[in-house]
Amino acid sequence: MTYLLAAVAAALSMLMTAGMAGTFFGFSVGVMPGLNAASASSAIDAMNAVNVKIQNPAFLAAFVLAPIAAAGAGALLLATPRSGAAWPFFAAAAVYAVGVILITAAVNVPMNDALAAVAAHGDPAEAAARIWSDYSVRWTTWNTWRAVAGAVSLLLMGYGAYRWGRGS
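On a predicted model such as this, the values are computed, not experimentally measured, just so you know.

Conventions used here
Residues numbered from 1 in each chain as written. Predicted model: local features only at pLDDT ≥ 70, side-chain atom pairs only at ≥ 80, totals over all residues. Heavy atoms only, no water. Axes fitted to C-alpha atoms, helices over the stretch in contact; angles between N-to-C directions. Helix = DSSP H or I, 4+ residues; strand = E, 2+ residues; numbered from the N terminus. Parallel < 35°, antiparallel > 145°, perpendicular 65-115°, else oblique. Left-handed = near helix turned anticlockwise from the far one by under 90°. Nonpolar A, V, L, I, M, F, W, Y, C, P; charged D, E, K, R; others polar. Phe/Tyr/Trp six-rings, centres within 6.5 Å; stacked < 30°, edge-to-face > 60°. Core = buried A, V, L, I, M, F, W, Y, C linked by side-chain atoms within 4.5 Å. Buried < 20%, exposed > 50% of the residue type's maximum accessible area, 1.4 Å probe, protein only. Contact = heavy atoms within 4.5 Å.

A. Local environment of the packing of helix α4 (residues 86-117) against helix α5 (residues 124-165). Contact geometry of α4 with α5 gives a least axis separation of 8 Å together with a crossing angle of 165°. Classified by the interaxial angle, the pair formed by α4 and α5 is roughly antiparallel. Helix-helix and strand crossings are classified by hand; for α4 and α5 the assignment is left-handed. Here the contact of α4 with α5 is built from residues that sort into 23 nonpolar, eight polar and three charged.

The structure is reproduced here in structure tokens:
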């Protein structure tokens, strides 16, 4: 039964992490360049709408539960003869927690909140262009780091699954 629970936790953690890494990747290489090609005021309006709508149960569950499931798989694997496979899952959970959750909480969410609260003063088009330019470059850089952390986390889980399959 322990192996079955570990397999479920491992599979769920990998699926959720892949989804999150893909979401961040998609934003960095598609959504943000697309918004950058629009007028700044349209980009700000669109990003503010996305930031509201992305806070939905499916996104939030995957975002929060991915490292918990990875750590759970690691904990379950510790109780088996294949305990060597546990450590990559623990490392994956740590990379995700720091590189995805911490960056999101420390950088991206505060930037999103500031973008939602900003008011353009003076010439609206000029002010919007300045606001969007300042936001977009920094937000995309940090978002790309979230994508990289998610990918590294997923690779670590894959390595854990490999070790598990090899009997270590």
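B. Fine view of the packing of aromatic side chains. Applying the stated criterion across every chain yields a total of eight aromatic pairs. Both rings, one in F59 and one in F63, keep their centres 5.8 Å apart while their planes meet at 15°; by these two values the pair is stacked. Of the two residues, F59 and F63 are both situated in helix α3 (residues 57-78); the distance of four residues between them amounts to about one turn of the helix. Geometrically, the ring pair formed by Y135 and W139 is stacked, given 6.2 Å between the ring centres and 20° between the ring planes. Placement of both Y135 and W139 in helix α5 is noted, with a separation of four residues, approximately one turn of the helix.

C. Highlighting the nonpolar core. Counting 16 residues, the largest nonpolar core has M32, M47, L115, W132, Y135 and W139 as the members making the most contacts within it. When residues of this core are traced back to their parent elements, those giving at least two are α1 (2-37), α2 (40-53), α4 and α5. Aside from chain neighbours lying at most four places away, what touches L115 is I44, M47, N48, I131, W132 and Y135. Ranked by size, the runner-up nonpolar core spans 13 residues in total, among them A9, A10, L77 and W164.

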